[in-house]
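Listed below, chain by chain, are the residues.
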Amino acid sequence: MPKQLGGGDGSDDVALDGVFHALSDPTRRRVVELLGRGPATTSELARPFDMALPSFTQHLGVLERSGLVTSEKKGRVRTYRLAPESLAHVDSWLAGQRAMWSRRLDQLDSFLYDLKEQQT
């Protein structure tokens with residue numbers, strides 16, 4: 001059974017799944033990079049992409065549902081901002097994975113070293 005980050009109710013797993021799904025697309029990753037520079041409107045974000053605005057706004061919707069971005073509408077203009085706390089969950093999960101694999105590789109290294117010493 002997979003290890004869960006939080007209280008064991010699976011909500012952190014669902015949040016992680018949403019973030020990884022959102023980041024699985026190169027367009028959405030690029031939007032996250034752009035928002036790393038600061039808030040931007042829908043049209044500012046869409047400008048570098050060769051796609052219809054409705055298709056692009058679907059990408060923004062995926063990012064918003066995942067919690068990676070937030071938006072605010074003033075009049076007819078919607079502005080998006082990066083929500084770094086979602087990335088903090090991913091960073092925490094990845095740190096746990098790195099620590100586990102580092103321990104496993106250290107154990108393997110030690111085992112192979114001992115095995116080599118026994119053979120000489």
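Keep in mind that what you see is a predicted model, and the values were worked out from it rather than measured.

A. Quick peek at the overall build of the protein. Within the protein, the regular secondary structure consists of five helices and three strands. From first element to last, N terminus to C terminus, the protein shows the α and β order α-α-β-α-α-β-β-α. Whereas a compact globule of 120 residues would reach a radius of gyration of roughly 14 Å, the protein reaches 21 Å, over 25% beyond that. Expressed as a percentage of contacts within the protein between residues at least 6 apart in sequence, the contacts between residues at least 24 apart total 46%. Accessible surface for the protein amounts to roughly 8,500 Å². Of this, 53% is attributable to carbon and sulfur atoms. Looking at charge distribution, the protein has the averaged site of its 16 positive side-chain charges lying 9 Å from that of its 16 negative ones.

B. Broad picture of the pairing of strand S2 (residues 69–74). Strand direction decides the pairing type here: S2 and strand S3 (residues 77–82), joined by six bridges, are antiparallel. The residue of S3 that forms the bridge with lysine 73 is arginine 78.

C. Structural view of the packing of aromatic side chains. Within the structure shown, the criterion is met by two aromatic pairs. Taken together, a centroid distance of 5.6 Å and an interplanar angle of 70° make the contact between phenylalanine 20 and tryptophan 93 edge-to-face. Of the two residues, phenylalanine 20 is situated in helix H1 (residues 11–23) and tryptophan 93 in helix H5 (residues 84–119); the sequence distance between them amounts to 73 residues. Residue classification places tryptophan 93 among the partly exposed positions, given a relative accessible area of 28%. Positioned above the aromatic ring of tryptophan 101 is the side chain of arginine 104, whose terminal nitrogen or guanidinium carbon lies 5.0 Å from the ring centre.

D. Spatial organisation of the pattern of salt bridges. Scanning all chains against the criterion turns up three salt bridges. Of the charged contacts, one joins glutamate 72 and arginine 81 as a salt bridge, the two residues approaching to 3.8 Å between their closest N and O atoms. When its relative accessible area of 40% is taken as the criterion, glutamate 72 is described as partly exposed. A salt bridge links arginine 98 to aspartate 91, with the shortest nitrogen-to-oxygen separation between them at 4.0 Å.

Analysis parameters
- Residues numbered from 1 in each chain as written.
- Predicted model: local features only at pLDDT ≥ 70, side-chain atom pairs only at ≥ 80, totals over all residues.
- Heavy atoms only, no water.
- Helix = DSSP H or I, 4+ residues; strand = E, 2+ residues; numbered from the N terminus.
- Rg over C-alpha atoms; globule rule 2.2 N^0.38 Å.
- Contact = heavy atoms within 4.5 Å.
- Areas by Shrake-Rupley, 256 points an atom, 1.4 Å probe, with all protein chains shown as cover.
- Lys, Arg positive; Asp, Glu negative; His and termini not counted.
- Charge placed at Lys NZ, Arg CZ, Asp CG, Glu CD.
- Pairing = 2+ DSSP bridges.
- Phe/Tyr/Trp six-rings, centres within 6.5 Å; stacked < 30°, edge-to-face > 60°.
- Buried < 20%, exposed > 50% of the residue type's maximum accessible area, 1.4 Å probe, protein only.
- Lys NZ or Arg CZ within 6 Å of the ring centre and 35° of its normal.
- Salt bridge = Lys/Arg side-chain N within 4 Å of Asp/Glu carboxyl O.

The analysis is restricted to geometry; functional conclusions fall outside its scope.
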